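These are the residues of each chain, in order.
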Amino acid sequence: MKPKYPPESSAGSTVFVGKDHSGNWVVREQNGIFGGMFASRAQALKYALCENGQHPEAILEISREIELVIPHSPHKARVDKSTN
């Protein structure tokens, strides 16, 4: 898959596919809505297509390193700071 300019599609967002610093294949939606790590390029592309509603025009394969970033949940477990 050749890189293209960010598309205007009904999918609404771009999905990046590339390798991380360890050589794992990574899929990451531009807004962090979904993502994952994969053993092969084929698995990564299949996941990206499935998650973005079958819009191949919205998938960009990049040559630079890409890391999977999992955002912190806004609903973190609370820590009891009271003294006993």
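Within any chain, residue numbers begin from 1 and follow the written order of that chain's sequence. Residues qualify for local features only when their pLDDT is at least 70, as the model is predicted, and side-chain atom pairs are given and counted only at 80 or more; totals for whole chains, interfaces and linings, by contrast, use all residues. Processing note: side-chain calculations cover all non-hydrogen atoms of the structure and skip hydrogens and water entirely.

With respect to the environment of Ile33
Along the chain, the position of Ile33 falls in the loop between strand E2 (25–29) and strand E3 (35–38). For Ile33 and Val15, which are 18 residues apart along the polypeptide, the C-alpha to C-alpha distance reads 9.9 Å. Elements are defined by DSSP. Helices are runs of H or I of four residues or more, strands are runs of E of two residues or more, and each kind is numbered from the N terminus.

Details of the pairing of strand E1 (residues 15–19)
Whether a residue is buried, partly exposed or exposed follows from its accessible area with a 1.4 Å probe, protein chains only, as a fraction of its type maximum: under 20%, in between, or over 50%, in that order. Within E1, four of the five residues are buried, which leaves it mostly tucked inside the rest of the structure. Two strands qualify as a pair provided DSSP detects at least 2 bridges between them. The pairing of E1 with E2 spans five bridges and is antiparallel. Opposite Gly18, over in E2, you have Val26 as the bridge partner. Between E1 and E2, which pair antiparallel and follow one another directly, the connecting turn spans five residues, one of which, Gly23, has a positive phi of 90°. Pairing analysis gives three bridges linking E1 to strand E4 (residues 59–61), with the strands arranged parallel. Residue pairing in the sheet places Val15 in a bridge with Ile59 of E4.

Some details on the sheet that holds E2
Strand order in this open sheet of four strands is E3-E2-E1-E4, and the pairing throughout is mixed. Each having just a single partner strand, E3 and E4 make up the two edges of the open sheet. Strand-to-strand, the axes of this sheet are offset by a mean angle of 15°, without reference to chain direction. Throughout, an axis means a line fitted to C-alpha atoms (over the contacting stretch in the case of helices), and angles, computed between N-to-C directions, take values from 0 to 180 degrees.

Notes on the pattern of salt bridges
By definition, a salt bridge exists where a carboxyl oxygen of Asp or Glu is found within 4 Å of a side-chain nitrogen of Lys or Arg. With the rule as written, the count across this model stands at one salt bridge. The residue Arg41 makes a salt bridge to Glu61 at a minimum N-O spacing of 2.9 Å. One end of the pair, Arg41, is in helix H1 (residues 41–51); the other, Glu61, is in strand E4, with 20 residues separating them in the sequence. On the accessibility criterion, Arg41 (31% relative accessible area) is partly exposed. The class of Glu61 is buried, set by a relative accessible area of 16%.

Describing the side chain of Glu29
Locating Glu29 in the fold gives a position in strand E2. Nearest to the buried, unbridged Glu29 among oppositely charged side chains is Arg28, at 8.0 Å. Identification of polar contacts relies on pairs of N or O atoms within 3.5 Å, with a donor-acceptor requirement for protein atoms, meaning one able to donate a hydrogen and the other able to accept it, and with residues adjacent in sequence counted only if both atoms are side-chain atoms. Within the local environment of Glu29, its side chain forms a polar contact with the side chain of Ser13, the two groups lying 2.6 Å apart. We call two residues in contact when some of their heavy atoms are within 4.5 Å. Apart from the residues within four sequence positions on either side, Glu29 is in contact with Ser13, Thr14, Val15 and Phe34. Asp and Glu count as negative and Lys and Arg as positive, but His and the ends of the chain are not part of the count.

A closer look at the packing of aromatic side chains
Only centres within 6.5 Å qualify two rings of Phe, Tyr or Trp (six-membered ring in Trp) as a pair; their planes then separate them into stacked at under 30 degrees, edge-to-face at over 60, and tilted for everything else. In this structure the tally under the stated criterion is two aromatic pairs. A ring pair is formed by Phe34 and Tyr47, whose centres lie 6.0 Å apart and whose planes are at 80°; its orientation type is edge-to-face. Of this pair, Phe34 sits in the loop between E2 and E3 while Tyr47 is found in helix H1, placing the two residues 13 residues apart along the sequence. Look at Phe38 and Tyr47: their rings are 5.0 Å apart centre to centre, the planes differ by 40°, and that puts the pair in the tilted class. Residue classification places Phe38 among the buried residues on the basis of a relative accessible area of 18%. Look at Tyr47 and you get partly exposed, because its relative accessible area is 22%. In this structure an aromatic cluster arises from ring pairing among Phe34, Phe38 and Tyr47.

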